[in-house]
Amino acid sequence: MDLHKLFPDDLVFESEATEATGVPGTVIRQWARRGKIRRFKGRISEYAGNGREHTTMYALPEIQERAATYRPMPQRNPKAA
C-alpha cells in the first residue's frame, strides 16, 4: 500500500485496530516489528481510549489486508505434572 493513498482517518491505535479486525494487539505489534506493516507517530493530543496515552498508530487498511489471511495458532496444553 502506498503512503499517498492513506488518509488521516486510516491511522488507528492498536486497540481500535483490534476491535475492527479481531487480530490481537500482540500480533499487530509483531507485524510492525517485522516490517510487514508500518508504524506511524501518533498525535499526542489523542488518547487510545483505554486510559493510557499511546503514541503509535497503524494504518488500518494494511492491517485489514493481513487480517484476511490471519489464523490464530492454538496454544499447546501444559503437560500434566
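Below, the structure is looked at part by part. What you see is a predicted model, and the numbers here were worked out from it, not measured in a lab. (Residues numbered from 1 in each chain as written. Predicted model: local features only at pLDDT ≥ 70, side-chain atom pairs only at ≥ 80, totals over all residues. Heavy atoms only, no water.)

As a further point, take the packing of helix α1 (residues 14-21) against helix α3 (residues 60-67). One can describe the packing of α1 onto α3 by two numbers: an axis separation of 10 Å at closest approach and a directional angle of 40 degrees. Overall, the two elements α1 and α3 adopt an arrangement that is oblique. The way α1 lies across α3 gives a crossing that is right-handed. In contact with A17, A20 and T21 of α1, α3 contributes L60, I63, Q64 and A67. When grouped by side-chain class, the residues that make up the contact of α1 with α3 number five nonpolar, two polar and no charged. (Axes fitted to C-alpha atoms, helices over the stretch in contact; angles between N-to-C directions. Helix = DSSP H or I, 4+ residues; strand = E, 2+ residues; numbered from the N terminus. Parallel < 35°, antiparallel > 145°, perpendicular 65-115°, else oblique. Left-handed = near helix turned anticlockwise from the far one by under 90°. Contact = heavy atoms within 4.5 Å. Nonpolar A, V, L, I, M, F, W, Y, C, P; charged D, E, K, R; others polar.)

Quick look at the sheet that holds strand β1 (residues 11-12) now. With antiparallel pairing, three strands are arranged side by side in an open sheet as β1-β3-β2. A single partner strand is all that each edge strand has here, and the edge strands are β1 and β2 (39-41). Pairing geometry for β1 and strand β3 (residues 56-59), over two bridges, is antiparallel. In the strand pairing of β3, L11 is matched with A59. Here α3 sits on the sheet and contacts β1 and β3; the angle it forms with β3, its principal contact strand, is near 60 degrees. (Pairing = 2+ DSSP bridges.)

Attention shifts here to the environment of R29. The topology assignment puts R29 in helix α2 (residues 25-33). For the pair R29 and T56, spaced 27 residues apart in the sequence, the C-alpha separation amounts to 9.9 Å. When residues no more than four places from it in sequence are discounted, the contact partners of R29 are E14 and Y58.

Within this structure, the stated rule accounts for two salt bridges. A salt bridge links R38 to E62; the shortest N-O distance between them is 2.6 Å. With R38 in the loop between α2 and β2 and E62 in helix α3, this pair connects stretches of sequence that are 24 residues apart. Residue class for E62 comes out buried when judged on its relative accessible area of 8%. (Salt bridge = Lys/Arg side-chain N within 4 Å of Asp/Glu carboxyl O. Buried < 20%, exposed > 50% of the residue type's maximum accessible area, 1.4 Å probe, protein only.)

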